[in-house]
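An overview of the molecular structure
Chain residues, written in single-letter form:
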Amino acid sequence: MSSSALSFKTKPRTTKRGVQLAPKRPVWEEKPSKVGQAAKGTTLTVVVLLVIVPIYCVVLTSLSPQSSVNIAGGIVLVPHGLTLNAYREMLGGGVITRAMVISLAITVVGTAISMVVSVFCAYGLSRPRSLGHRWILMTLIATMFFSGGIIPSFIVVADIFHGYDQYWSLVLPGAVSAFNILIIRAFYMNTAGELIEAAKLDGASELRILWSVVLPTSKAVNAVMALFYAVGYWSAFFNVMLYMPADSSKWTLQYVLYTYVSQGATMPGQNSATTFAGKDMPAPLSLQMCVVVLTLIPILIVYPFVQKHFTKGMLTGAIKG
């Protein structure tokens with residue numbers, strides 16, 4: 001079947017009054033059955049509930065007083081009074097507020113460093129005549145399958161470079177992702193060669209070509225990779241456990257969450273009985289769920305702005321022709 005026939009079958013149709021109808025179904029696509037449509041709707045509903053219900057329970061528990069937690073016997077499903085006391089307690093200063101500032105700073109600085117290194121590396125590897133690009137590419141791919149392990153990494157960072165109890169140890173050891181570089185490289189290789197050749201004929205340097213030609217045409221992949229790096233820095237807690245476990249004033253929010261929720265340690269402010277009277281005092285579980293909510297908020301804010309780039313950013317670099 002010719003391409004014109006295919007386009008004729010899928011183009012939008014209109015009535016005599018100009019009302020646009022749904023495009024005609026291609027001949028190879030089966031007509032959906034009622035059972036199939038019901039099964040798809042049921043599956044999507046179950047998936048949505050599996051995502052929304054846990055978040056709903058966590059948020060509701062963080063807003064519940066001690067009496068509601070006692071009635072529910074743990075995680076709250078039905079509200080019995082709501083209060084912001086847990087958030088006032090967590091955001092009133094101390095470990096949580098300081099940890100949020102540290103996490104945001106590490107995420108912003110780390111994402112900027114990672115994107116700069118990844119963009120330069122990916123652009124160099126995308127140019128077929130760049131010096132040693134094949135050997136560098138093979139080395140990057142090898143790091144995806146082989147690693148020195150935790151102990152050699154700790155020795156290099158803590159002993160050789162004296163990174164123990166230093167903030168840079170939370171950024172530089174994981175600043176480069178070989179997988180992300182390969183994705184960006186594949187996208188850059190599909191950048192229109194005519195534009196690059198025209199820029200070279202005009203006397204543009206490689207840095208000028210990268211800044212004026214490649215980056216403006218690759219906003220989708222750059223946005224997606226920046227989100228990947230940001231989520232990685234925001235969610236990381238293991239490096240804090242390795243390089244600065246003793247000083248709680250340098251903990252990130254994720255390590256505070258790990259310590260106070262996973263290990264069941266005493267939450268900061270949990271003993272402030274003078275601040276809240278009787279039944280209005282935040283429950284320990286409410287404080288823990290409050291920390292969980294605070295860790296989710298930045299990602300939920302950023303993700304909708306980057307979502308539109310996901311399909312193009314992840315797939316365009318892998319499609320040839």
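Residues numbered from 1 in each chain as written. Predicted model: local features only at pLDDT ≥ 70, side-chain atom pairs only at ≥ 80, totals over all residues. Heavy atoms only, no water.

A word on the confidence of the model for the chain
Mean pLDDT for the chain: 78, with 79% of residues reaching 70 or above. Highest mean pLDDT in the chain belongs to helix H2 (residues 34-62) (90); lowest belongs to helix H1 (residues 3-10) (44). Counting interchain partners and residues more than four positions distant, the pLDDT-below-50 stretch residues 268-279 has 22 contacts. Considering only residues more than four positions removed or in separate chains, one finds that residues 317-321, a stretch of pLDDT under 50, has 5 contacts. (pLDDT = per-residue confidence, 0-100. Helix = DSSP H or I, 4+ residues; strand = E, 2+ residues; numbered from the N terminus. Contact = heavy atoms within 4.5 Å.)

As for the nonpolar core
Within the largest apolar cluster, 54 residues are counted, with the highest numbers of intra-cluster contacts made by Leu253 and Leu294. Sequence-distant contacts of leucine 294, defined by excluding residues within four places in its chain, comprise Tyr87, Met90, Leu91, Ile96, Met100, Trp234 and Leu253. (Core = buried A, V, L, I, M, F, W, Y, C linked by side-chain atoms within 4.5 Å. Buried < 20%, exposed > 50% of the residue type's maximum accessible area, 1.4 Å probe, protein only.)

Here's the deal with the packing of aromatic side chains
Summed over all chains, the structure comprises 5 aromatic pairs. Judged by centre distance (6.3 Å) and plane angle (80°), the ring pair of phenylalanine 154 and tyrosine 164 falls under edge-to-face. Note that phenylalanine 154 is positioned in helix H7 (residues 150-160) and tyrosine 164 in the loop between H7 and helix H8 (178-189), a separation of 10 residues in sequence. Among the residues examined, phenylalanine 154 registers a relative accessible area of 27% and is labelled partly exposed. Here phenylalanine 154 and tyrosine 243 contribute two aromatic rings whose centre-to-centre distance is 5.8 Å and whose plane-to-plane angle is 0°, an arrangement assigned as stacked. Of the two residues, phenylalanine 154 sits in helix H7 while tyrosine 243 sits in helix H12 (residues 238-243), which places them 89 residues apart along the sequence. Linked through ring pairs, Phe237, Trp251, Tyr255 and Tyr258 together constitute an aromatic cluster. The ring of tyrosine 167 is capped by lysine 250, whose NZ or CZ atom sits 5.7 Å from the centre of that ring. (Phe/Tyr/Trp six-rings, centres within 6.5 Å; stacked < 30°, edge-to-face > 60°. Lys NZ or Arg CZ within 6 Å of the ring centre and 35° of its normal.)

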